[in-house]
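Listed below are the residues making up each chain.
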Amino acid sequence: MSPLEFAANAVTTLSIVLAARNHVATWWTGSVGCALFGVLFYQSQLYADATLQGLFLLSSLWGWWYWRGALAAAPRPIRRTGWRLLLGLAVAATLLTWGYGSLLFHHTQAFMPYQDAAVMSLSLVAQGLLMTRRLETWAFWLLVNTLSVPLFWQRELHLTAVLYAAYWLNAWWGGWRWWLQWRALQGQGA
C-alpha cells in the first residue's frame, strides 16, 4: 500500500460517511479524495476510474452548490426518482459502459476495461442522483461497490478493495438513513 492509496482512501472514506449522514461537507472532502484517487488510478492503469475522478471533482462543486440550496431559500429535501428516468439512466449507463469499455480495450493497455467502464458509468449515475438528493442513489452505489471490490483487489489495490467493501455496507446504511428521512418528510406533507 502506498501513501497515496492510504491518503486517498482516508479522505474519501470521510466523504462517503458524510454523504450517508446527509451532510454537506461530503462535497469538499470528496473533492480532495477525487484528486488523490485520480492520480492513483492513472498510475494503476484504471483509466476510466481516473477519468471518473475528474468528473467527480467537477460534480462535487455543483453538488455543494445544490445541497446548500443555492436556488432555494432552504437546503434541498431528499426526493424519489421516477421509473422512466431510472430506466433512461440505466440504458445510458449500459451504452456508456460498452462505448468507453470498447475504446479502452482497443486503444489502451487498460486493466479490465469493460468492468472499469461499468464502474465509471454507474458511478456517474449514482453521483448525479446523489447531487440532486435522490433516494435511489444508494442502489447505484451498491452496484458500483459490488463491481469495484474485485476490480481493485485484482489490481492489487487491497486497501481500496477492502474499503469499497465497507462502502458497500455504508451504501446500505445510507439508503436506510435517507429512506427514514424521506419518510419523515412525507409524513410532514413536504
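Our structure's up above, just so we're on the same page.
Treat the numbers as computed from the prediction; the structure is a model and nothing was measured.

Participant: Run through a nonpolar patch on the surface, naming residues and quoting values.
Facilitator: There is a patch of nonpolar side chains on the surface, built from Val17, Trp173, Trp176, Trp179 and Leu180 and spanning about 480 Å² of accessible area. If one sorts the elements of the nonpolar patch by residue count, helix 7 (residues 158-187) sits on top with four residues. Structurally, Val17 is set in helix 1 (residues 3-20). On the basis of relative accessible area, Val17 is assigned to the partly exposed category, the value being 33%.

Participant: An account of the pattern of salt bridges is needed here, citing residue identities and associated values.
Facilitator: This structure, assessed with the given rule, holds one salt bridge. The salt bridge involving Glu136 is made with Arg80; its shortest N-O contact spans 2.6 Å. Of this pair, Glu136 sits in the loop between helix 5 (113-131) and helix 6 (137-154) while Arg80 sits in the loop between helix 3 (47-67) and helix 4 (83-107), and the two are 56 residues apart along the sequence. According to the relative accessible area criterion, Arg80 is partly exposed, its value standing at 43%.

Participant: Tell me what's going on with helix 7, and back it up with residues and numbers.
Facilitator: For helix 7, spanning 30 residues, the distance from its first C-alpha to its last is 43 Å, which sits close to the expected 44 Å at 1.5 Å a residue. Listed in full, the buried residues belonging to helix 7 are Thr160, Ala161, Leu163, Tyr164, Tyr167, Asn170, Ala171, Gly174, Gly175, Trp178 and Trp182. Buried residues in helix 7 make contact with helix 1, helix 2 (26-43), helix 3, helix 5 and helix 6.

Participant: Go over the side chain of Ser31 with me, naming the residues and quoting the values.
Facilitator: Here Ser31 is to be found in helix 2. Overall, Ser31 belongs to the buried group, its relative accessible area being 15%. Not counting the four nearest positions on each side in its chain, Ser31 is found in contact with Leu57 and Ser60.

Participant: I'd like a description of the environment of Leu85, backed by residues and values.
Facilitator: Among the secondary structure elements, Leu85 is positioned in helix 4. Distance in space between the C-alpha atoms of Leu85 and Gly63 is 19 Å, their sequence separation being 22 residues.

Rules used in this analysis
As a convention, each chain's residues are numbered from 1 in the sequence order in which they are written. Owing to the predicted nature of the model, reporting of local features is limited to residues with pLDDT of at least 70; listing and counting of side-chain atom pairs is limited to 80 or more, with chain, interface and lining totals taken over all residues. Excluding hydrogens and water, the side-chain values take into account all heavy atoms of the structure. Patch definition: residues above 30% relative accessible area lacking any salt bridge, with like charges linked at up to 9 Å and the nonpolar side chains Val, Leu, Ile, Met, Phe, Trp and Tyr linked at up to 5 Å. Only the protein chains shown count as cover for residues, with accessible areas throughout obtained via the Shrake-Rupley method and a probe of 1.4 Å. Here a salt bridge means any side-chain nitrogen of Lys or Arg lying within 4 Å of a carboxyl oxygen belonging to Asp or Glu. A run of H or I in DSSP counts as a helix once it spans at least four residues, and a run of E counts as a strand once it spans at least two, with each numbered from the N terminus. Using a 1.4 Å probe on the protein chains alone, a residue whose accessible area is under 20% of its type maximum counts as buried, one over 50% counts as exposed, and one in between counts as partly exposed. The span one expects for a helix is its residue count, reduced by one, times 1.5 Å. Throughout, a residue-residue contact means that at least one pair of heavy atoms, one from each residue, lies within 4.5 Å.

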